[in-house]
Amino acid sequence: MNRSATPAARLYPWQDRKGEFSALKAIVFVGVFLPGLWLVARAMMGTLGPRQMIEINHQTGLWAVRFLLLTLAITPLRHVWRWPELVFVRRTLGNAVFAYGLIHLVAYAGDLAWDVPKVISEIFARVYLTIGLMVLILLTPLAVTSTNGMMKRMGGLNWRRLHHLVYPIILLAALHFFLQSKLGVTEPIVITAVAIWLLTWRLLAAWLGEARIATLPATLALGATMTVATAFGEALYYYLKIGVAFSRVLPTNFNPAAGIRPAWIIGGIVLAVLAVAVFRRFLPAKKSARRSARQPGVAAKPEASSQPQGNAA
Ligand code: HEM
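Parameters at a glance
- Residues numbered from 1 in each chain as written.
- Predicted model: local features only at pLDDT ≥ 70, side-chain atom pairs only at ≥ 80, totals over all residues.
- Helix = DSSP H or I, 4+ residues; strand = E, 2+ residues; numbered from the N terminus.
- Buried ≥ 20, exposed ≤ 12 C-beta atoms within 10 Å, placed from the backbone.
- Contact = placed C-beta atoms within 7 Å.
- Near = placed C-beta within 6 Å.
- Nonpolar A, V, L, I, M, F, W, Y, C, P; charged D, E, K, R; others polar.
- Axes fitted to C-alpha atoms, helices over the stretch in contact; angles between N-to-C directions.
- Parallel < 35°, antiparallel > 145°, perpendicular 65-115°, else oblique.
- Left-handed = near helix turned anticlockwise from the far one by under 90°.
- Core = buried A, V, L, I, M, F, W, Y, C linked by C-beta atoms within 7 Å.

Thoughts on the overall build of the protein chain
Along its length, the protein chain carries 14 helices and 0 strands. The buried share among the 313 residues of the protein chain stands at 33%. The contacts in the protein chain between residues at least 6 apart in sequence include a share of 68% that link residues at least 24 apart.

Comments concerning the site of the ligand
Close contacts around the ligand come from 23 residues, with H58, G61, A64, G101 and G132 the closest. Counting only elements with at least two residues in the shell around the ligand, the list comes to α2 (52–80), α3 (90–111), α5 (127–144) and α8 (166–180). For the shell around the ligand, the leading source of residues is α2, giving 8 residues. Partitioning the shell around the ligand into residue classes produces 15 nonpolar, 8 polar and no charged.

Overview of the packing of helix α4 (residues 116–125) against α5
As a packed pair, α4 and α5 sit with axes 5 Å apart at the nearest point and diverge in direction by 105 degrees. Comparing their axes, α5 and α4 come out roughly perpendicular. Between α4 and α5, the contacting residues are E122, I123 and F124 on the first element and L129, T130 and L133 on the second. Its residues assigned to classes, the contact of α4 with α5 comprises 4 nonpolar, 1 polar and 1 charged.

A look at the packing of α2 against α8
For the pair α2 and α8, the least separation of the axes is 11 Å and the interaxial angle reads 150 degrees. Taken together, the axis directions place α2 and α8 in an arrangement best described as roughly antiparallel. Between α2 and α8 the crossing geometry is left-handed. Taking contact as the criterion, the partners of V65, L68, L69, T71 and L72 in α2 are, on α8, V166, I169, I170, A173 and F177. Tallied by class, residues from the contact of α2 with α8 come to 9 nonpolar, 1 polar and no charged.

Remarks on the environment of M226
Tracing the backbone through its elements, the reader meets M226 in helix α11 (residues 216–242). Sequence-wise, M226 and W197 are 29 residues apart; in three dimensions their C-alpha atoms are separated by 6.4 Å. Beyond its immediate chain neighbours, meaning those up to four positions away, M226 contacts A193, W197 and I266.

With respect to the nonpolar core
Core analysis: the largest hydrophobic core is formed by 54 residues, its most contacted members being F67, L68, V97, I170 and A173. Contributing elements (two or more residues each) for this core: α1 (23–45), α2, α3, α5, α8, α9 (186–208), α11 and α13 (262–282). When residues in this core are grouped by element, the largest group, 11 residues, is from α2. When near neighbours in sequence (up to four residues on either side) are disregarded, F67 contacts V32, L93, A96, V97 and Y100.

Observations regarding the environment of Y128
Locating Y128 in the fold gives a position in helix α5. C-alpha separation for the pair Y128 and L172, spaced 44 residues apart in sequence, amounts to 9.4 Å. When residues no more than four places from it in sequence are discounted, the contact partners of Y128 are H176, L179 and Q180.

Given below as structure tokens:
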């Protein structure tokens, strides 16, 4: 596996920039295929239900938005976890978002019996579908420019500016998700809360510096704030949607019989992030991680391959 590491050498998605096998890249590369393969397996077993295409549409939409959040989480996590190599899986995740988004649209067309004029008229007739289309359109230049060649051609600054599109993209995707939800809004609330958490982290990092905002106390403080904000956000949603008073929704967060609340999921994610951060601080630091911890603003170099790091978020 020790292929040449010259900048022109083509690397496989499971290789690091030295051309060596990277377990992290391999796991993420295989991982992004799993939801799709599971759908194929369900189709073969005939367990997709009566409306197979709409089930594929739902599952691919969910995975597109989950991978989008993971793409956006890479920068905060590599600082909080002191794991600079995480940046090398961002492109794989970003490309997965686009691929699942496209399959999502294709499955919708399939559900409408491939009646393209109807698909187009539906998209422009329903606001949540128009927003979905906007998300897909905004994702397109990010996918097209996700190669090292395009990065070079555009120049680092322009490329990074373009990839800041990921921020409106995640907010629009969350809105698309919310607007199509009927009864269960736990996942849209969680997705929106994580998106706001990640965007807040970015703003604070730009204001105070990544070194200050990536510490354990800062991570705990921001995570705890987001957990409480999620509980209030859920109560606000029910108040605006069906007029239920805050005093009826907020106490459900302390009542296990009321089911899993979005704030619990956010709290669980905060604890998981902190647990990994604590664990990694006990690991013997690698040279690159030490350098990153000393200079948290310094990004790891792009991969010397035809596969750049994906969007710059
Ligand atoms: C032209 C583009 C798009 C169209 C036509 C479209 C269409 C749809 C439709 C028809 C649904 C199901 C609505 C229902 O069952 O009532 C849906 C749900 C959803 N879409 Fe999209 N969508 C588009 C783009 C996107 C993109 C780019 C993303 C993510 C990045 C996305 C994420 C989602 C999610 C998360 C759901 C909810 C799935 C669930 O609750 O199970 N969509 N979309």
